[in-house]
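Spelled out, the chains give:
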Amino acid sequence: GAKDLQEIVRLCKTRGFVFASNDIHGGFANSFDFGPLGVLLKRNIEQSWWRRFVTEQDACYGLDSSVMLPPVVWEKSGHLQNFSDPLVDCRNCGKRYRADHLCEAEGNDETNRQAMREVLSNGKCPCGKLQPWGEEVSKVRDFNLMFETLVGPVVEDGAAAFFRPETAQGTYLNFGNYTKTAQPRLPLGIAQVGKAFRNEVTPGQFLFRTREFEQMELQWFCRDEEAEQWFDHWLAEGLSWLHGTIGVRPESVRLCEHDASQLAHYARRTTDIEFKYPFGWGELWGFANRGTYDLSCHGVEYREPGGGKSFVPTVIEPALGLNRLVLAVLCDAFREETVITPGGDGAPDKEEKRTVLGFEPSIAPYALAVMPLVKNNAEQRGMSEQLVRDLRAASPHLSIVLETSSGSIGKRYRRYDEIGTPYCVTVDYDAPSTGQVTVRDRDSMAQVRIAASDLMSMNLTGLQR
Ligand code: ATP
């Protein structure tokens, strides 16, 4: 895994995963754009989530609800009153903290969690000086995190609306539509992937905390007596997908069970899957038993088909940040290795560094890179192009790239290691006559010669499914 976040930021920028937003006009702090490889990685992860939590589930359905919603929604949901962060400024060093995230602002390790508690209880800032409340450290103020806007052509007449800070509310509003059209019985799941917006007090750590981000959320509506069992079920599903399908290493995550003092006011139980980012452990995926709070807020009830009595279902919510998961996957997959190549003919062995993004093949931006050994060799080039066309036709869900840059084959392999391409296929001098190509494996660096026609029937379906 990556030891240093800056390494990841650099690689993302130079190789085309993630760019700083509005780079050419001086930037826009804490905003990022996904580039050619970033969109592929993000999309593969998103599609995999959708497959696992919607397509392969009998009782889960997708939804794409409005991003902007009127104040009444946020009044009912409690966001206008409660969706705020406690804000603390240090007047000595000028630092501003989201009080309950001071740990992150300062590195997120245990020492800094301690520092956070100190700031909150004694009014001390980690800048070193002992500061009593009200003097050098300002009082805790509440700051609502929602972005507000006006809808309508004339500003004065504009009706207020808020950008959603989570996809969940749009799901609760639609619950009745789903019991009418999708499935009348509980348990029922509604899943949504989409943007959410929060005017974060302390954005930062690259993709970890931004003001605009994407969530992949499932709201699972069930009977209260079954809620605990479903909670465990979805937590287990989440871990299984994360490790088994996305390939996040077990040692990179841990569970954090919230105690009573950490629970949101509506939550009955919350367990976070935390990831070990280069800056410390941080939340990746929150699992909450939200009780009957949300549907009650909106005055929504459920009646069993066949005239049972009506009641308010309980909600189990696995809420995952897509951008945060992209960051976690990048950090987890990153490794630097020393490769020793035997010198041959009595020459000394060569030591070389290589950087690898060891993505699970199913989420790698490019599944395959096909390259002529010599770029100007017409025969090799033609065969490579044909191979790419055939492979694309055989596996339309895969991103396959034709690599035609010059440079030694070793250098080209390194470049594809660095962007996490699991296989490179090289078309060399013998290929056009023998029909054989070389397949090189990213992780073992082993090379095998196989018939190009066998590539088509190779188990590529395991990739990016
Ligand atoms: P945090 O404590 O880190 O602010 P949260 O508990 O407020 O997170 P939730 O409301 O549970 O977060 O949101 C669900 C998920 O959305 C989080 O687990 C995280 O992956 C993601 N998320 C939340 N806020 C952001 C953000 N500002 N930037 C990127 N992802 C975010």
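The protein is annotated in an unreviewed UniProt entry as glycine--tRNA ligase of Hondaea fermentalgiana. The UniProt entry for the protein carries the following comment under Sequence similarities (unreviewed entry): "Belongs to the class-II aminoacyl-tRNA synthetase family."

With reference to specific residues and values, describe the site of the ligand.
Near the ligand, the surroundings consist of 16 residues, among which Phe-213, Gly-286, Ala-319, Gly-321 and Arg-324 are the closest. At the level of elements, β11 (212-222), β14 (280-291), β17 (314-321) and α11 (322-333) are the ones that each hand at least two residues to the shell around the ligand. When the residues that make up the shell around the ligand are grouped by side-chain class, the tally is 5 nonpolar, 5 polar and 6 charged.

Any details on the sheet that holds strand β4 (residues 68-69)? Residues and values, ideally.
As summarised here, the arrangement of the 3 strands in space is β4-β9-β8, forming an open sheet in which the pairing is antiparallel. Lying at the two open borders of the sheet, with one neighbouring strand each, are β4 and β8 (148-151). Sheet analysis places β8 next to strand β9 (residues 159-163), joined by 4 bridges and oriented antiparallel. Looking at β9, one finds that Thr-149 is bridged to Ala-161.

Any chance you could break down the pairing of β11 for me, citing the residues and the numbers?
Burial runs high along β11: 9 of the 11 residues are buried. In this structure, β11 lies alongside β17, joined through 6 bridges in antiparallel fashion. Its bridge partner being in β17, Trp-220 is matched across the sheet by Ile-316.

Requested: an account of the UniProt feature "domain: Aminoacyl-transfer RNA synthetases class-II family profile" (unreviewed entry) in the protein, with residues and values cited.
As annotated in UniProt, the feature "domain: Aminoacyl-transfer RNA synthetases class-II family profile" (unreviewed entry) corresponds to residues 186-342 in the numbering used here. The annotated region residues 186-342 carries 23% helix and 43% strand content, and the separation between its end C-alpha atoms amounts to 64 Å.

Tell me about helix α9 (residues 227-245), residues and numbers included.
With 19 residues, α9 extends 26 Å from end C-alpha to end C-alpha; this agrees with the ideal 27 Å at 1.5 Å per step. Burial in α9 covers these residues: Ala-227, Phe-231, Gly-238 and Leu-242. In an axial view of α9, the angular spread of the buried residues amounts to 50°, which keeps them on one side of the axis. Turned more than 90 degrees off the buried face of α9, the exposed positions are Gln-229, Ala-236, Ser-240 and Gly-244. One or two steps after α9, the chain reaches Gly-247, where phi turns positive at roughly 85°.

Definitions and limits used
- Residues numbered from 1 in each chain as written.
- Predicted model: local features only at pLDDT ≥ 70, side-chain atom pairs only at ≥ 80, totals over all residues.
- UniProt positions renumbered as here; feature names shortened; annotations may be inferred.
- Near = placed C-beta within 6 Å.
- Helix = DSSP H or I, 4+ residues; strand = E, 2+ residues; numbered from the N terminus.
- Nonpolar A, V, L, I, M, F, W, Y, C, P; charged D, E, K, R; others polar.
- Pairing = 2+ DSSP bridges.
- Buried ≥ 20, exposed ≤ 12 C-beta atoms within 10 Å, placed from the backbone.
- Expected span 1.5 Å × (residues − 1).
- Arc of directions from axis to C-beta.

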